[in-house]
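Read off the chains here:
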Amino acid sequence: MFKILLAEDDRHTAKLMNIILKNGGYEVENAYDGEQALNLYFSQHFDLVVLDIMMPGIDGYEVARQIRAADGNVPILITTAKHLPEDKRMG
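In this text, all values refer to a predicted model and were calculated from it rather than measured experimentally. (Residues numbered from 1 in each chain as written. Predicted model: local features only at pLDDT ≥ 70, side-chain atom pairs only at ≥ 80, totals over all residues. Heavy atoms only, no water.)

Enquirer: What's the story with the overall build of the protein chain in this structure? I'm lost.
Expert: When its secondary structure is counted, the protein chain shows four helices and four strands. Scanning the protein chain from its N terminus toward the C terminus, one meets helices and strands in the order β-α-β-α-β-α-β-α. (Helix = DSSP H or I, 4+ residues; strand = E, 2+ residues; numbered from the N terminus.)

Okay, here's the thing in structure tokens:
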């Protein structure tokens, strides 16, 4: 089964995304901050990471950097409320 790491600190948004993904037939593990996301990522196999940028503690940019340093192949889908061009480039 296709396994997704969903890193989203807003519990309501995470719940909605979780429902949508599970209804699509995906297995989903949730992380609510950057540290938890990294711990989960490095303890299990994931086929995709859905990553919020603005999370408490370790932000999504740093989570993505650490995942990329360890594994350049896993797809990372970034979600954010930020909308400036420089935010998009950084992602």
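Enquirer: Whenever I open this one, the packing of aromatic side chains confuses me. Can you help?
Expert: Given two aromatic rings, one states the distance between the centres and the angle between the planes to describe the pair. One pass over the structure, following the stated rule, counts three aromatic pairs. Both rings, one in phenylalanine 2 and one in tyrosine 26, keep their centres 5.5 Å apart while their planes meet at 70 degrees; by these two values the pair is edge-to-face. Here phenylalanine 2, found in the segment before β1 (3-7), pairs with tyrosine 26, found in the loop between α1 (11-23) and β2 (27-31); they are 24 residues apart in sequence, far enough to count as distant. Each residue in the set Tyr41, Phe42 and Phe46 is aromatic and connected to the rest through ring pairs, giving one cluster. (Phe/Tyr/Trp six-rings, centres within 6.5 Å; stacked < 30°, edge-to-face > 60°.)

Enquirer: Would you mind showing me how to read helix α2 (residues 34-41) here?
Expert: Residue pairs spaced three or four apart in an α-helix point in one direction, given the helix's 3.6 residues per turn. Buried within α2 we find Gly34, Ala37, Leu38, Leu40 and Tyr41. In an axial view of α2, the angular spread of the buried residues amounts to 165 degrees, which keeps them on one side of the axis. Buried residues in α2 make contact with β1, β2, β3 (48-52) and α3 (60-70). (Buried < 20%, exposed > 50% of the residue type's maximum accessible area, 1.4 Å probe, protein only. Arc of directions from axis to C-beta. Contact = heavy atoms within 4.5 Å.)

Enquirer: What's the story with the packing of α2 against α3 in this structure? I'm lost.
Expert: The relative placement of two packed helices comes down to the angle between their axes together with the axis-to-axis distance. Where α2 meets α3, the closest approach of the two axes is 9 Å, and the angle between their N-to-C directions is 20 degrees. Considered as vectors, α2 and α3 are oriented roughly parallel to each other. Crossing of α2 against α3: the hand is right-handed. Contact residues: Gly34, Ala37, Leu38 and Tyr41 in α2; Val63, Gln66 and Ile67 in α3. For the contact of α2 with α3, the residue count by class is five nonpolar, two polar and no charged. (Axes fitted to C-alpha atoms, helices over the stretch in contact; angles between N-to-C directions. Parallel < 35°, antiparallel > 145°, perpendicular 65-115°, else oblique. Left-handed = near helix turned anticlockwise from the far one by under 90°. Nonpolar A, V, L, I, M, F, W, Y, C, P; charged D, E, K, R; others polar.)

Enquirer: So what exactly am I meant to see when it comes to the pairing of β3 here?
Expert: Regular strands place side chains that alternate from one sheet face to the opposite one. Extensive coverage of β3 is indicated by the burial of five of its five residues. Burial along β3 is two-sided: the residues Leu48, Val50 and Asp52 and Val49 and Leu51 are all buried. Across four bridges, β1 lies against β3 in parallel orientation. Note on β3: the bridge partner recorded for leucine 5 is valine 49. Direction of pairing for β3 relative to strand β4 (residues 76-79): parallel, over a ladder of four bridges. Paired with leucine 51 across the two strands is isoleucine 78, which belongs to β4. Tracing the backbone out of β3, into α3 and back to the parallel element β4 gives a crossover that is right-handed. (Pairing = 2+ DSSP bridges. Right-handed = clockwise from strand over helix to strand, strands pointing away.)

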